[in-house]
Amino acid sequence: YDKYLKDKKIQRIGLSFVDFLDFTGSKFITQVLNALYDQIEPYLVGQLENRLGMDVNALSELFVKELKHLEKKSKVVFLLDEVNMLSDDQVYSLEDRLLYPILKLPNIIVVLAGRHLVTGWKDFALRPYQEGDRENVLELSGFNFEYSQKQIQTINPNASDFVGEIHKISGGSPGNNKKIVEQLGDPPQFDELNAIRAC
């Protein structure tokens, strides 16, 4: 891996994260593009263009143009979470204004995450597929006991006595672990029915 980075003269790996639950309304794709641009802006060189008041087409073109410069010296990974929460219109605007233009760039990696697969993509590269040894979908299992324990103790060190019960009810789901721990109170008190309801 290090040899690959040196051969390609890649100096760093950048990571960008977007949670779509933060963006709503008719300006959805503009908000997404601006949020992503804000995250890559510290790595851009030269005079930056003023984005204030740009229409969505110009903003998309500017973002892709800057990514083309950035991806020559960096790998950029976009983590797009809760994609399953998007409306069809949001999926299409996300594909047209962001994903389709950047998928062609060799040092850009896009990870789409969510609770279920989104299948309405127009571009075949974005559609879920499984063909023999090739697939572009990875289903994540829950945490094992050790990882649940670490997560629970990080959220609330006083909840250590309840790790076994929490893990049993949550099935190792990190989201359910968090929900259960958050409702334990201070000092923490475990109640099986409340834990089940929290999930």
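Residues numbered from 1 in each chain as written. Predicted model: local features only at pLDDT ≥ 70, side-chain atom pairs only at ≥ 80, totals over all residues. Heavy atoms only, no water.

With an omega of 0 degrees, the peptide bond between Asp 186 and Pro 187 qualifies as cis. By secondary structure assignment, the location of Pro 187 is in the loop between helix H7 (174-182) and helix H8 (192-198). Of note in the backbone geometry, Glu 82 takes a positive phi value of approximately 60 degrees without being a glycine. One can find Glu 82 in the loop between strand E2 (74-81) and helix H4 (88-103). You can call Glu 82 buried: its relative accessible area is 14%. (Helix = DSSP H or I, 4+ residues; strand = E, 2+ residues; numbered from the N terminus. Buried < 20%, exposed > 50% of the residue type's maximum accessible area, 1.4 Å probe, protein only.)

Within the secondary structure, Lys 75 is located in strand E2. Despite being buried, Lys 75 has no salt bridge partner; Glu 71 is the closest side chain of opposite charge, sitting 7.4 Å away. Engagement of the side chain of Lys 75 in a polar contact is seen with the side chain of Asn 107, the distance being 3.0 Å. (Lys, Arg positive; Asp, Glu negative; His and termini not counted. Salt bridge = Lys/Arg side-chain N within 4 Å of Asp/Glu carboxyl O. Polar contact = N/O pair within 3.5 Å; in protein donor to acceptor, adjacent residues only side chain to side chain.)

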